[in-house]
Amino acid sequence: MAEVAGSQMQGYDETTRSGAVPGAARIVARRVGVDARGGGEILRGISLTVMPGQLLALAGSSGAGKTTLLETLAGVRAPDRGAVWRPDVPAGGSQTELGFVPQDDIIHRDLPLARTLQYAARLRLPSGTGTAEVAAAVERVLGALGLTERAGLRVGLLSGGERKRASIAVELLTRPAVLFLDEPTSGLDPATGAELITLLRDLSREGTAVVLTTHTPADLSRCDSVGFLSPDGRLIYLGPPEGLSARFGVETVEEVYGAVTEETAEHADEDTPEPEGPAPAQSLRPTPSRPLGAVGQWALLTRRSADIMLRNRLSVAVLAGSPVMIVAMFVMLFRAGAFDPADPSPGTAAMILFWIAFGTFFFGLTYGLLQICTEIAVVRRERLTVLRLGPYVLAKATVLLPVLAAADALLLVVLRALNRLPAADWSVYGSLFATAVLASAAALALGLLASAAVSEPGQATLMLPLLCFPQVLFSGAFVPVPQMAWPGWALSWAMTNRWAFESLGSGIGLNALWAHGRSPLGPPLLASYGDTFGGPTARGWIWLGGFTVLFLAGAWAVLARRCPRVRGAGPREPRETALSSAVAG
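Quick look at the structure, then. In this text, all values refer to a predicted model and were calculated from it rather than measured experimentally. Every residue gets a number counted from 1 within its own chain, in the order that chain's sequence is written. Local features in this predicted model are restricted to residues whose pLDDT is 70 or higher, and side-chain atom pairs enter the listing and the counts only when it is 80 or higher, whereas totals over whole chains, interfaces and linings include all residues. Hydrogens and waters are ignored; side-chain quantities use all the structure's heavy atoms.

### Structural notes on the environment of Ala 477
And then number 1: Turning to its location among the elements, Ala 477 is positioned in the loop between helix H16 (457–473) and helix H17 (486–492).
And then number 2: In this structure Ala 477 comes out as buried when scored by relative accessible area, which is 3%.
And then number 3: Along the primary structure Ala 477 and Asn 497 are separated by 20 residues, whereas in three dimensions their C-alpha atoms are 9.5 Å apart.
And then number 4: When sequence neighbours within four positions are dropped, the list of residues in contact with Ala 477 reads Met 351, Phe 354, Phe 501 and Tyr 529. The secondary structure listing takes helices from DSSP runs of H or I that are at least 4 residues long and strands from runs of E that are at least 2 residues long, numbered from the N terminus. Exposure is judged per residue with a 1.4 Å probe applied to protein chains only, and the accessible area is read against the type maximum: over 50% gives exposed, under 20% gives buried, and values in between give partly exposed. Contacts were defined at the residue level, with two residues in contact if any of their heavy atoms lie within 4.5 Å.

And the structure:
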């Protein structure tokens with residue numbers, strides 16, 4: 001097996017059949033190995049060269065490591081052994097030189113196609129690129145991919161094949177030298193899949209090296225070359241598609257999968273041969289122009305987030321309807337005059353303040369929970385190019401915090417107008433409003449953190465009760481903090497709702513109200529709360545502000561772990577280390 005495979009691999013990757021274009025980019029891999037997290041190897045000693053103008057398909061059975069090899073060649077992940085060179089990509093250059101299209105859509109479905117491409121272009125193209133240049137880039141890729149007539153259509157209304165082409169369009173905005181695609185024909189009907197492969201073939205003829213993974217045998221015959229992986233992660237064939245069946249002594253490509261499995265079992269201990277020749281030198285081409293800075297990205301991402309939010313009718317309905325519904329429930333639940341000094345209702349007054357605190361928490365949490373998990377594929381891909389996570393997270397908060405502030409103001413105004421809150425001067429209500437906004441901000445940050453940690457909206461929905469229940473139980477409203485068992489007392493310090501509840505109580509002067517009350521429930525209830533409302537209002541503000549910063553930093557850290565930039569080179573053999581620079585480029 002090794003002798004035959006070696007004769008096919010040596011020299012084939014330099015053939016003129018690829019339609020190579022002088023000066024375009026190459027990808028060179030030597031003895032690449034990748035380990036699985038749980039032990040074992042995903043890829044074993046893979047060596048190949050992707051030439052300019054070549055359309056290369058990576059095939060093999062499920063679990064053979066096709067996607068892992070694609071990600072390693074693209075620089076999305078680093079090999080554990082061996083090395084990958086991109087000699088024609090600028091040293092320290094941007095990953096916009098390499099296009100990568102994962103299986104998931106990397107475009108926002110709520111925006112019109114042309115608009116989402118405009119945002120992508122402004123984010124990826126060099127800082128200072130003018131409006132006319134952005135428009136020209138968008139028109140160019142729409143025309144190249146046959147999507148011009150669909151430019152004004154919302155992405156969510158495009159067909160599966162059109163959405164896949166739209167994802168490719170995002171990558172072509174920066175004219176990448178190499179384009180990687182993970183199963184681009186998956187889920188498409190045969191005719192649409194064939195059309196897409198033909199499109200990719202046309203792109204390769206213009207000089208872009210194209211590498212794709214596929215499970216569809218019909219795709220292989222339309223490519224320049226095929227790299228077939230064995231079930232144990234070896235590159236067992238690299239050559240023209242018409243030689244694949246003959247190599248394994250079968251008549252059809254479909255039969256190759258079974259033949260490879262049998263041959264792998266017979267020759268499991270043999271090494272995969274590698275192409276000979278020296279490693280290429282690293283490119284000395286100048287680094288591309290700088291992308292948008294942090295402030296520019298924050299401004300652009302803020303506009304994009306607002307645009308997405310306003311174009312989603314369900315989001316607008318939830319944003320507008322939630323405060324109205326909660327205010328209506330408050331009005332029906334609590335009687336008027338609970339804060340009347342002549343005849344107060346201490347228990348009702350405490351519950352009104354608690355539910356105001358919880359309402360602001362609920363607003364912020366629900367607004368934040370679906371902000372990141374619904375576009376994690378977009379974030380992961382943009383992070384590989386130029387996206388900064390700090391501006392991204394702050395943009396989400398910038399868009400939503402004014403909406404939350406308006407909801408908090410509506411809540412306080414309606415409750416005061418209907419005599420569910422006492423008459424007081426502007427300083428008191430300014431304090432209540434500040435507490436409500438800070439509580440909403442902390443909850444929003446917690447929602448963004450949870451949204452960054454989950455993988456899909458369904459998981460975010462499950463997080464809602466898990467995050468709400470502790471805030472209710474350990475806020476100190478139903479069981480005062482001084483009356484809690486020590487584990488609950490310790491946990492209450494981590495509850496943003498506790499500090500919102502206490503700040504509202506101190507801001508409105510709840511202790512003074514109870515001290516003058518005539519209700520027989522007043523003194524015992526006051527005694528059970530102790531000095532809960534006796535501290536300065538600003539103490540709660542400091543806690544809420546601190547939690548906001550902590551949760552936003554947590555969201556950034558989680559995203560940095562889930563959506564890393566190109567990773568470092570990792571371990572290598574000594575002579576490889578001397579020959580190559582960082583695998584990530």
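### So, the side chain of Arg 383
And then number 1: Assignment of secondary structure puts Arg 383 in helix H13 (residues 376–385).
And then number 2: None of His or the chain ends enter the tally, which takes Lys and Arg as positive and Asp and Glu as negative. The rule for a salt bridge is simple: a side-chain nitrogen of Lys or Arg has to be within 4 Å of a carboxyl oxygen of Asp or Glu. It turns out Arg 383 is buried and unbridged, and the closest side chain with the opposite charge, Glu 382, is 10 Å from it.
And then number 3: If we ignore the near neighbours within four places in the chain, the residues touching Arg 383 are Arg 388, Leu 389, Cys 563, Pro 564 and Arg 565.

### Here we look at the pattern of salt bridges
Think of it this way: side chains of opposite charge can pair up when their charged atoms draw near.
And then number 1: All told, the structure shown has 20 salt bridges when counted by the stated rule.
And then number 2: In this structure, the salt-bridge partner of Asp 307 is Arg 115, at a minimum N-O distance of 2.3 Å. Taken as a pair, Asp 307 in helix H10 (residues 294–311) and Arg 115 in helix H3 (residues 113–124) lie far apart in primary sequence, 192 residues in all.
And then number 3: Look at Asp 307 and you get buried, because its relative accessible area is 10%.
And then number 4: Owing to a relative accessible area of 32%, Arg 115 belongs among the partly exposed residues under this scheme.
And then number 5: For Arg 222, the salt bridge identified is with Asp 219, shortest N-O distance 4.0 Å.

### With respect to the packing of aromatic side chains
And then number 1: The rule is short: rings of Phe, Tyr and Trp, with Trp giving its six-membered ring, pair when the centres are within 6.5 Å, and they are stacked under 30 degrees, edge-to-face over 60, tilted in between. Per the stated rule, a full pass over the model turns up 20 aromatic pairs.
And then number 2: Each member of the aromatic cluster is reached from another via a ring pair, and the members are Phe 354, Trp 355, Phe 358, Phe 361, Phe 362, Phe 478, Phe 501, Tyr 529 and Phe 533.
And then number 3: Over a ring means this: the NZ of a Lys or the CZ of an Arg is within 6 Å of the ring centre and within 35 degrees of the ring normal. When the ring centre of Trp 499 is taken as reference, the NZ or CZ atom of Arg 498 above it lies at 4.3 Å.

### Quick notes on the environment of Arg 416
And then number 1: Among the structural elements, Arg 416 can be located in helix H14 (residues 389–417).
And then number 2: Counting along the chain gives 13 residues from Arg 416 to Tyr 429, while the straight-line C-alpha distance between them is 9.7 Å.

### Comments concerning the packing of helix H5 (residues 160–172) against helix H6 (residues 190–205)
The relative placement of two packed helices is expressed as an angle between their axes plus a distance between the axes.
And then number 1: Orientation of H5 relative to H6, taken along the N-to-C sense of each, is 15°, at an axis distance of 10 Å. Taken as axis vectors, H5 and H6 run roughly parallel relative to one another. Considering the relative orientation of H5 and H6, their crossing is right-handed. Of the residues in H6, those touching H5 at Gly 161, Lys 164, Arg 165, Ile 168 and Leu 172 are Thr 192, Glu 195, Leu 196, Leu 199, Leu 200 and Leu 203.
And then number 2: The residue makeup of the contact of H5 with H6, split by class, is 6 nonpolar, 2 polar and 3 charged. For helices, the fitted line uses only the C-alpha atoms of the stretch in contact; every axis is such a line through C-alpha atoms, and the angle between N-to-C directions lies from 0 to 180 degrees. For classification purposes, angles smaller than 35 degrees are called roughly parallel, those larger than 145 roughly antiparallel, those between 65 and 115 roughly perpendicular, and all remaining angles oblique. In a left-handed crossing the near helix is turned counterclockwise from the far helix by less than a right angle, and in a right-handed crossing that turn is clockwise. Put simply, Ala, Val, Leu, Ile, Met, Phe, Trp, Tyr, Cys and Pro go in the nonpolar bin, Asp, Glu, Lys and Arg in the charged bin, and everything else, Gly too, in the polar bin.

### Digging into the sheet that holds strand E2 (residues 41–50)
And then number 1: Pairing between strands is defined by DSSP: at least two bridges between them are needed. Within the open sheet, the 3 strands sit side by side as E2-E1-E4. Their pairing is antiparallel. On the outer flanks of this sheet lie E2 and strand E4 (81–85), each paired with one strand and no other. Direction aside, neighbouring strands of the sheet carry axes that sit 15° apart on average.
And then number 2: When strand E1 (residues 27–35) meets E2, the two strands line up antiparallel, connected through 6 bridges. The residue of E2 that forms the bridge with Val 28 is Thr 49.
And then number 3: Docked against the sheet, helix H2 (residues 66–74) engages E1, E2 and E4, running at close to 50° with respect to E2.

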